[in-house]
Every structure is written in C-alpha cells, then in structure tokens.
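Summary of structural features
Residue strings, one per chain:
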Amino acid sequence: MAAAMASAAERAVLEEEFKWLLQEEVHSVLKQLQDILKEASHRFALPTSGSGGAIRQENFVLSTSGTDQVKGVLTLQGDALCQADVNLKMPRNNQLLHFAFREDKQWKLQQIQDARNHVNQAIYLLMNRDVNYHFKTGSEVLKLMDAVMLQLSRARNRLTTPATLTLPEIASSGLTKMFTPALPPDILVNFYINLNKLCLTVYQLHVLQPSTTKNFKPAGGSILHNPGAMFEFGSQRYEVSHVHKVECVVPWLNDALVFFTVSLQLCQQLKDKISVFSSYWNYRPY
C-alpha cells in the first residue's frame, strides 16, 4: 500500500513537472530560438519586406596559400555577387589576363538565398506557437522541434555542401557570359560558398585534338575538378590543364553557422527533456 501511494505521489509530481515544462519552459526555449534565428536572418544583410533599406556591399580580397596565379576582389551584396575583378596569370606564357563583371550583371549565389529562406521558414514555424499557445502533449513539441531542426539542417547544409557540377554544366551556366572582356574559350570559372568562405575556381583548358591518343573519359559531377578531367562541350573535347582555387572569408556567414549550431542544440535539448518524462510512466504523454 505504501509503495503504491509513493508511486502515485511520484507520478503526480512528475505530471506537475511535465505540465510546467509544456506551459513554461517550452515557450522560454521557443523565445530563445526566435531571438537567435532573427539574429541569423539579419546576418544575411537583406532588408525586411517593405523596409526599403539598401543592401550593403562588402568587398573581399581573394587569397590562397598556394601560388599567386589568381588575384582579385569580389563585391558581395546580400545573396548576389555584384562585382568580380580578377587577374589571372597564365602559367604557360606568364600572360596576365584581367576580367571583371559587366556593369549590368550580377551573379546570384543560390546557396545563400536558400539558406536564408530556410532560416525564415524556421522563424515562421516558431512564431506560429506564440506565448498564448497551449501545448497539450509532448508530441506537439517534438513535432515542432523536428520541423524547425529540418529547416535549420537544410540551411546549414546549403552553406557547408556546395553543389556538384559537371564541367559542361559550369561551361553552360551563364557565368562565362558575365565578364568584360569576354573570357577566352580555354577558361572556365565557378563561384560557390563553402562553410564561411566565398570561393572562386578557375579552370584552364586545352583542346583535345581528334587525333589524340588519349582515352577520352568524361568527368562526372564534382565540387572541384582536378587537372586531367575531360569533358565535351558543343562539338569540342577539352581537358583541364590547370586548376586555381582562391577564396575569401565572409565573417557573417561564420556567424550564421554558429547560430545554426546553437539553435540545433537547443532544439535537441528540449526534445531530450520531453523524452526523459516519457520513460517514467507507461502512459506516454506524447
């Protein structure tokens, strides 16, 4: 009898604690998440709808720990490269090439745009459960946390995992048509985000003659193609002779990644607390 009473009393205490968790602590965590993610959203440097504010431009100097074959400055405006001013030293004859974006052109960085959209979607999910919303079960909280974590994971992955592209996809991307003077036909370029860095890869090509004895094997998709990679574009076959990768650190991208990590940790901690309560009684509150 005493054991049964103790068990009932323990259950009552746990149920009160769980009720407090649903009514108080969950909303406290949701408020923390909203504050953090709004800071993350602000880092993407785009004005909110209807604010009419100008998007700031930031200049970044390209650098590499290897050779100095490629130098330049990139101008980033929100999720778009609005200017690229690049010098390329050709290794075969030390000829110096200079190319820059045409004044009427910008290059949209889809990774940044997608990451921002996922952050805003996570904020929207959180704001739909304001302080007046009453969570009745743990399953509601778990479902919300899973939805928010999915958006945050997608936002983070868009910045940490550049797209794999084939060389013909890079050649036909439209990026090669943005420069003045026009890029020579034996040069390909690609811009992408990798973690907190804005990267530029320059591929120098040579034409494979029909009489070549090389076994032609087209390269598949990759983030970074190596010398020796072959591809066919139009009616011509090419081989990559040199690859130059330069990059610049974008501090606010690093901030955003930190905010994503902290937010994911908060979500997981709340899920863990909900799960702990479920292990104490056969009646599952979720």
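So, here is what we can say about the structure in this document. In this text the structure is predicted, and so the values were computed from the model without any measurement.

**Details of the overall build of the protein chain**
- Regarding its fold elements, the protein chain presents five helices and ten strands.
- Buried residues in the protein chain amount to 42% of all 286 residues.
- Restricting the contact set of the protein chain to residue pairs at least 6 apart, pairs at least 24 apart contribute 66%.
- A total accessible area of about 15100 Å² is found for the protein chain, and carbon and sulfur atoms account for 51% of it.

**Describing the pattern of salt bridges**
- Enumeration over the complete set of coordinates arrives at twelve salt bridges.
- Between Asp 79 and Lys 108 there is a salt bridge, with the nearest N and O atoms lying 3.3 Å from each other. You can see Asp 79 sitting in the loop between strand E2 (70–77) and strand E3 (80–89) and its partner Lys 108 sitting in strand E5 (residues 107–108), a full 29 residues away along the chain.
- Owing to a relative accessible area of 5%, Asp 79 belongs among the buried residues under this scheme.
- In this structure, Asp 146 and Lys 271 form a salt bridge, with 2.6 Å as the shortest nitrogen-oxygen distance.

**Description of the environment of Thr 164**
- Locating Thr 164 in the fold gives a position in the loop between helix H3 (138–160) and helix H4 (167–171).
- Residues Thr 164 and Ser 222, spaced 58 residues apart in sequence, show a C-alpha to C-alpha distance of 4.3 Å.
- In contact with Thr 164, other than residues within four places in its own chain, are Glu 169, Gly 221, Ser 222 and Ile 223.

**Comments concerning the sheet that holds strand E7 (residues 187–194)**
- The strand order across the open sheet formed by four strands is E7-E8-E10-E9, and the pairing between neighbours is antiparallel. The strands lining the two open edges of the sheet, one partner per strand, are E7 and strand E9 (230–233). Within the sheet, the average angular offset between the axes of one strand and its neighbour, ignoring direction, is 40°.
- Two strands pair when backbone bridges link them, and E7 and strand E8 (residues 197–207) are joined in this way by eight bridges, in the antiparallel orientation. Bridging across to E8, Asn 194 finds its partner in Lys 197.

**Description of the pairing of E3**
- Alignment of E2 against E3, held across eight bridges, turns out to be antiparallel. Paired with Lys 71 across the strands is Asn 87, a residue of E3.
- The turn linking E2 back onto E3 is made up of two residues, and Gly 78 within it adopts a positive phi angle of 65°.
- With two bridges joining them, E3 and E5 adopt antiparallel strand pairing. When the bridges of E5 are listed, Ala 80 appears paired with Lys 108.
- One ladder, built from five bridges, connects E3 with strand E4 (residues 96–101); its direction is antiparallel. Looking at E4, one finds that Lys 89 is bridged to Leu 96.

**Regarding the packing of aromatic side chains**
- Applying the stated criterion across every chain yields a total of six aromatic pairs.
- On the numbers, 5.2 Å between centres and 90° between planes, the contact of Phe 99 with Phe 179 is edge-to-face. Taken as a pair, Phe 99 in strand E4 and Phe 179 in strand E6 (residues 179–180) lie far apart in primary sequence, 80 residues in all.
- Overall, the relative accessible area of 3% leaves Phe 99 in the buried class.
- Phe 179 sits in the buried class, given a relative accessible area of 4%.
- Centroid distance Phe 231 to Tyr 238: 5.3 Å. Interplanar angle 20°. Geometry classified as stacked. Comparing Phe 231 with Tyr 238 shows no difference in burial state: the two are buried.
- Members of the aromatic cluster, joined through ring pairs, are Phe 99, Phe 101, Phe 179 and Phe 191.
- Above the plane of the ring of Tyr 133 lies Arg 129, whose end atom (NZ or CZ) is 4.8 Å from the centre.
- Directly above the aromatic system of Phe 216 lies the positively charged group of Arg 237, at a separation of 4.0 Å from the ring centroid.

**Thoughts on helix H2 (residues 110–127)**
- Under the 1.5 Å per step criterion, the end-to-end length of H2 is 26 Å for 18 residues, consistent within 8% with the ideal 26 Å.
- Every buried residue of H2 is listed here: Gln 111, Ile 112, Asp 114, Ala 115, Arg 116, His 118, Val 119, Ala 122, Ile 123, Leu 125 and Leu 126.

**Some details on the packing of H2 against H3**
- Interhelical geometry of H2 versus H3 gives an angle of 165° and a closest axis separation of 8 Å. In this view, H2 runs roughly antiparallel relative to H3, as classed from their interaxial angle. Handedness of the H2/H3 crossing: left-handed. Contacts from Gln 110, Gln 111, Ile 112, Asp 114, Ala 115, His 118, Val 119, Gln 121, Ala 122, Leu 125 and Leu 126 in H2 reach Leu 144, Met 145, Ala 147, Val 148, Gln 151, Leu 152, Arg 154, Ala 155, Arg 158 and Leu 159 in H3.
- The residue makeup of the contact of H2 with H3, split by class, is 13 nonpolar, five polar and three charged.

Conventions we followed
Residues numbered from 1 in each chain as written. Predicted model: local features only at pLDDT ≥ 70, side-chain atom pairs only at ≥ 80, totals over all residues. Heavy atoms only, no water. Helix = DSSP H or I, 4+ residues; strand = E, 2+ residues; numbered from the N terminus. Buried < 20%, exposed > 50% of the residue type's maximum accessible area, 1.4 Å probe, protein only. Contact = heavy atoms within 4.5 Å. Areas by Shrake-Rupley, 256 points an atom, 1.4 Å probe, with all protein chains shown as cover. Salt bridge = Lys/Arg side-chain N within 4 Å of Asp/Glu carboxyl O. Pairing = 2+ DSSP bridges. Axes fitted to C-alpha atoms, helices over the stretch in contact; angles between N-to-C directions. Phe/Tyr/Trp six-rings, centres within 6.5 Å; stacked < 30°, edge-to-face > 60°. Lys NZ or Arg CZ within 6 Å of the ring centre and 35° of its normal. Expected span 1.5 Å × (residues − 1). Parallel < 35°, antiparallel > 145°, perpendicular 65-115°, else oblique. Left-handed = near helix turned anticlockwise from the far one by under 90°. Nonpolar A, V, L, I, M, F, W, Y, C, P; charged D, E, K, R; others polar.

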